[in-house]
Amino acid sequence: SSGINAEWPLRPGKLEVLLEFEEQIENSPSPHRAAYQSYINFERKENNPSRVMCTMERAIADNPLDCGLWCSYLEYLDQVVRHGEVVLSVYARAVRNIPWTVEVWCSYLLALQRHGKHFTHVESTMEEALKNGFGDATSYVTLYACYLDFHWRQERSVTHENGDKPKVNALDRAFEDAINFINQQFGEGADSHGQLTMFMAEVDGIRGDVDSMRNLLSDLLLLPVYKEQSRIWMFYIELEQRYGTKDSVRNVFRKAIYCNTDACDYILNQFLLFERLHGTLETYDNAYLKVKRVQKRNAEKISKENDRRRNEAIPDGKKERKFEAKKRKLSDDSKVKGKPKKPKRLKDDASSKKDTSVSQNLGVPFSAASSSKPKQHSSEEVTIDKSKYNVTVFVSNLSYDANEDHLNEVFKNVGDIVDIRLVKSVNGKSRGFGYIEFHTREEVMSALELDRVSILGRPCYVSECKDKDRGTAADFKFKTCIEAHKLYISNLPYKTTEDELRKIFSEVGEVKSIRMVTTKGGKFKGFSYIEYLSEEAAKNAVIKLNGLEIQGRAIQVAISNPPKKASATTKLNATPKTSSFLVPRSVAKPAISLKDNPSSNKEKEVYSKPAMLSNSDFRKFLTK
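Worth saying up front: this structure is predicted, and the values here are computed from it rather than measured. (Residues numbered from 1 in each chain as written. Predicted model: local features only at pLDDT ≥ 70, side-chain atom pairs only at ≥ 80, totals over all residues. Heavy atoms only, no water.)

Colleague: Hey, could you go over the side chain of E240 for me, with residue numbers and the actual values?
Modeller: Secondary-structure assignment places E240 in helix α14 (residues 230-243). A distance of 2.8 Å separates a polar atom in the side chain of E240 from a polar atom in the side chain of S248. With residues near it in sequence (within four places) discarded, E240 still touches M213, R214, T245, S248, V249 and V252. (Helix = DSSP H or I, 4+ residues; strand = E, 2+ residues; numbered from the N terminus. Polar contact = N/O pair within 3.5 Å; in protein donor to acceptor, adjacent residues only side chain to side chain. Contact = heavy atoms within 4.5 Å.)

Colleague: Account for the sheet that holds strand β3 (residues 430-438), naming residues and giving values.
Modeller: The antiparallel open sheet is built from five strands, whose spatial order is β2-β3-β1-β5-β4. Single-partner strands in this sheet number two, and they are β2 (417-424) and β4 (453-455). Within this sheet the neighbouring strands show an average axis-to-axis angle of 30 degrees, counted without direction. In this structure, strand β1 (residues 392-396) lies alongside β3, joined through four bridges in antiparallel fashion. The partner of F394 across the bridge, within β3, is Y435. Taken strand by strand, helix α21 (residues 404-411) contacts β1, β2, β3, β4 and β5 (458-464), and its axis lies near 140 degrees from that of β2. (Pairing = 2+ DSSP bridges. Axes fitted to C-alpha atoms, helices over the stretch in contact; angles between N-to-C directions.)

Colleague: I'd like a description of the pattern of salt bridges, backed by residues and values.
Modeller: A side chain of one charge can pair with a side chain of the opposite charge when the charged atoms of the two come close. By the definition in use, this model includes 28 salt bridges. The partner of D211 in a salt bridge is R214, and the shortest N-O contact between them spans 4.0 Å. Taken together, the positions of D211 and R214, both in helix α12 (residues 210-222) and three residues apart, correspond to about one turn of that helix. Salt bridges here are not isolated pairs; linked through shared partners, they connect E155, D172, D204 and R207. (Salt bridge = Lys/Arg side-chain N within 4 Å of Asp/Glu carboxyl O.)

Colleague: So, the nonpolar core: which residues are in play, and what are the values?
Modeller: Y73, W105, Y108, L143, Y144, I182 and L196 are the most contacted members of the largest nonpolar core, which has 60 residues in total. At 11 residues, the largest contribution of residues to this core is made by helix α9 (residues 137-156). In contact with Y108, not counting residues within four places along its chain, are L88, Y91, A92, V95 and T125. M213, L220, L239 and F274 belong to the second-largest nonpolar core, a separate cluster that totals 30 residues. (Core = buried A, V, L, I, M, F, W, Y, C linked by side-chain atoms within 4.5 Å. Buried < 20%, exposed > 50% of the residue type's maximum accessible area, 1.4 Å probe, protein only.)

Colleague: I'd like a rundown of helix α22 (residues 441-448), residues and numbers included.
Modeller: At 3.6 residues per turn, the α-helix brings residues three or four places apart onto the same side. Among all positions in α22, only E443, V444, A447 and L448 are buried. The buried residues of α22 all sit within an arc of 145 degrees when viewed along its axis, so they share a single face. Contacts made by the buried residues of α22 are with β1, α21, β3 and β5. (Arc of directions from axis to C-beta.)

Structure (structure tokens):
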């Protein structure tokens with residue numbers, strides 16, 4: 001105490017000031033948050049780190065769940081103290097007390113890198129952060145963005161602190177894990193701004209892997225949530241200008257101007273500016289015509305939308321009066337003019353009729369059923385003889401480049417093909433689906449086994465030909481109950497092939513079939529189903545292969561137990577949406593339950609509907 005007393009005379013009045021702060025803390029209601037904040041602000045002005053930390057520790061002890069206080073404390077340590085052991089120990093306590101705060105986890109990852117901790121320490125901290133769980137996708141995107149930054153720094157550095165080289169493809173695996181995790185938890189498009197994919201596209205551009213950069217951004221812009229964001233399109237264009245060619249930039253511009261982006265005029269102007277700076281007169285003229293067409297189309301859409309809004313703004317009574325006036329005018333015109341005369345035929349029936357029908361027999365080729373000049377058929381014009389349904393299969397999800405020869409090459413081993421009909425648009429281009437007729441029912445069953453066969457890189461869906469007018473829905477092909485002889489394998493690398501899986505899982509038992517689950521574009525989704533001949537082999541595979549590492553990823557192996565699909569009865573029994581909330585409670589008649597009133601169908605319909613009220617009825621109700 002003598003040392004303290006010897007120091008106080010150097011700062012006269014300081015003890016009295018501190019005592020005032022202590023009294024404020026003592027007299028304020030628990031947990032003394034405001035009093036502590038005043039005390040901390042005073043100590044920070046005095047610029048004594050030891051006393052600031054001491055005061056903050058006291059405040060944290062009384063407010064252990066205060067996120068703002070923890071963040072302020074950690075920021076002070078990062079900027080002023082900068083002592084590794086001290087800073088990281090406080091971070092470790094912070095994530096234990098407020099694990100739901102993603103900002104603290106991100107700062108913790110940065111602090112570990114800042115103070116030279118080994119990359120395995122950073123990875124374990126990231127795994128711990130993911131286990132805590134956050135409430136929204138944005139928090140996970142922020143966390144993964146910080147983690148990807150770490151791997152990108154590691155990739156650019158020559159060596160780590162202990163001389164180890166960076167992990168090969170660690171950044172790519174981290175990105176795949178991030179996208180896979182976020183999509184599984186929140187669905188595609190959860191990263192609403194495409195932050196992670198845009199970062200990886202930029203990285204691929206710096207690496208010189210332009211094809212990978214284009215694939216990432218092209219796949220991203222296929223999703224509706226990103227397709228109309230002009231910011232992503234302009235980012236894509238900027239990358240093409242840096243790492244691509246002039247033609248590749250033009251291709252992106254041409255796609256962007258037809259996507260109804262939120263800043264369409266800006267992209268149109270940038271397209272013209274690009275052609276003025278880098279194009280020829282011919283390319284500029286082409287771009288100018290395209291821009292004018294898009295501007296005209298957008299103006300028509302805006303005009304239609306304005307008309308629709310004006311019509312919605314017209315009161316119902318005025319609409320009824322307009323309708324009645326138009327109806328009277330039409331009736332008056334019909335009385336004056338009488339019955340309309342039939343138009344005279346300019347040609348006889350034989351010469352005026354056009355052969356627009358399509359042969360009902362699938363065995364007749366197009367050329368035999370049409371005139372000398374071949375006619376292209378749209379999807380509405382292709383008709384199928386219903387008697388041929390049992391020997392016909394429907395193929396869909398085809399590449400637009402696929403033709404009859406490609407289908408014949410795949411299905412020729414099934415049996416004798418009577419006819420192949422690809423449904424085409426008016427301009428003769430394939431619509432991506434068609435019909436294949438065989439001679440026998442057995443050949444159809446063999447063809448159905450080729451479902452999801454790859455044709456030009458896309459899985460071809462093969463199903464039975466059914467009458468759509470009957471409203472019969474396609475049966476779900478796979479079982480929705482536990483299958484003891486089948487395995488579900490997830491967390492697979494996206495570059496995994498069927499041969500790799502067959503080689504690994506055949507070591508446990510004889511594999512009957514392998515189904516690689518893909519998107520409609522033919523890209524592997526990271527999980528598959530493997531069927532064994534025996535249940536014992538499947539059980540052994542779960543025990544031996546669960547957690548096996550393939551291309552740096554620990555796969556998950558489990559017995560297949562897919563969720564049940566909602567039945568048609570369940571959907572029909574769902575509570576329908578009504579507009580009864582628009583009717584006042586004192587006026588609306590309660591709907592009678594169908595269970596309580598076993599009357600005829602007509603009676604049910606009558607009693608379940610509220611009485612129709614006019615505007616005058618509502619006016620009387622409001623003036624009571």
